[in-house]
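# Per-entry structural report
Here is what each chain is made of, one letter per residue.
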Amino acid sequence: MRDTVQAEVTMTFLVSQDLSFRIPVELSYDSSDPYAVEITFHLPGDAPVSWAFARELLLDGLSKPTGEGDVRIAPASPEGLSDVFIRLQVGCERALFRAGAAPLVAFLDRTDRVVPFGQEPAACDPVGDLDAELHRILAEDRYAG
């Protein structure tokens, strides 16, 4: 069974030290890919931009700097739950966003109810997927002949 979780939040896009603006962002989680979350940014005048990365990376980034390479997440303050910085990078291009921790925690809590953290391998049922795919192929073969 496939379950999804979605949430809409507002993040601040930090263009420079002097320029920032708030943008709507969609968070999504699909139990068919239990290790990943997807964030879709709706930037003014542009097509939506989506990034997928490890759900655990988002969880860890709430309390400590984490991530290597393209996605890095860190709390804005070392004390308690605060805002979170999310930095995305492609080559030389970087984008920095600031989000409130509360909506991220609420989203992660909802994903944890669908697939508890640490239980992702059980949610990945390759045998069940293989059986379903084999059944589909055999059914197509029956109707093709």
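So, here's what we can say about the structure. (Residues numbered from 1 in each chain as written. Predicted model: local features only at pLDDT ≥ 70, side-chain atom pairs only at ≥ 80, totals over all residues. Heavy atoms only, no water.)

The final tally for this structure, using the stated rule, is 3 aromatic pairs. Taking the centre distance of 4.9 Å and the plane angle of 20° together, the rings of Phe13 and Phe97 count as stacked. With Phe13 in strand 1 (residues 4-14) and Phe97 in strand 7 (residues 93-99), the pair connects residues that are 84 residues apart, well separated along the chain. The same class applies to Phe13 as to Phe97, namely buried. Seen from their ring centres, Phe41 and Phe97 are 4.2 Å apart, and the 20° between their planes marks the pair as stacked. Note that Phe41 is positioned in strand 3 (residues 36-41) and Phe97 in strand 7, a separation of 56 residues in sequence. Both residues of the pair, Phe41 and Phe97, count as buried. When the ring centre of Phe117 is taken as reference, the NZ or CZ atom of Arg55 above it lies at 3.9 Å. (Phe/Tyr/Trp six-rings, centres within 6.5 Å; stacked < 30°, edge-to-face > 60°. Helix = DSSP H or I, 4+ residues; strand = E, 2+ residues; numbered from the N terminus. Buried < 20%, exposed > 50% of the residue type's maximum accessible area, 1.4 Å probe, protein only. Lys NZ or Arg CZ within 6 Å of the ring centre and 35° of its normal.)

This brings us to the pairing of strand 2 (residues 20-30). If a strand is regular, its side chains alternate between the two faces of the sheet. When strand 1 meets strand 2, the two strands line up antiparallel, connected through 11 bridges. Counted as the bridge partner of Phe13 is Phe21 from strand 2. Connecting strand 1 to the next strand, strand 2, in antiparallel fashion are 5 residues. As paired strands, strand 2 and strand 3 are joined by 4 bridges and run antiparallel to one another. Across the sheet, residue Glu26 finds its bridge partner in strand 3, namely Thr40. Between strand 2 and strand 3, which pair antiparallel in sequence order, lie 5 residues. (Pairing = 2+ DSSP bridges.)

This next bit is on the side chain of Glu120. Inspection of the secondary structure assignment puts Glu120 in helix 3 (residues 120-123). On the basis of relative accessible area, Glu120 is assigned to the buried category, the value being 7%. A polar contact of 2.8 Å, which involves the side chain of Glu120, links it to the side chain of Arg55. A distance of 2.9 Å separates a polar side-chain atom of Glu120 from the backbone nitrogen of Gly118. Once residues lying within four places of it in the same chain are set aside, the contact partners of Glu120 are Pro34, Tyr35, Arg55 and Val115. (Polar contact = N/O pair within 3.5 Å; in protein donor to acceptor, adjacent residues only side chain to side chain. Contact = heavy atoms within 4.5 Å.)

Turning our eyes to something else, we now look at the sheet that holds strand 5 (residues 71-75). Note on sheets: strands pair through backbone hydrogen bonds, and any given pair is parallel or antiparallel. One open sheet holds the 7 strands; their spatial order is 4-3-2-1-7-6-5, and the pairing between them is antiparallel. With one partner strand each, in any of the chains shown, strand 4 (49-54) and strand 5 form the two edges of the open sheet. Neighbour-to-neighbour, the strand axes of the sheet open up by a mean angle of 30°, direction not taken into account. In the sheet, strand 3 pairs with strand 4 via 6 bridges, with the strands oriented antiparallel. Each bridged residue has a counterpart across the sheet, and for Glu38 the counterpart in strand 4 is Ala52. (Axes fitted to C-alpha atoms, helices over the stretch in contact; angles between N-to-C directions.)

Right, let's get into the nonpolar core. Counting residues in hydrophobic clusters, the biggest one holds 31 residues, and the most contacted among them are Met11, Phe41, Phe97 and Phe107. It is strand 1 that contributes the most residues to this core, 5 residues altogether. With near-sequence residues (within four places) excluded, Phe97 lies in contact with Met11, Thr12, Phe13, Ile23, Phe41, Val84, Phe85, Ile86 and Leu88. (Core = buried A, V, L, I, M, F, W, Y, C linked by side-chain atoms within 4.5 Å.)

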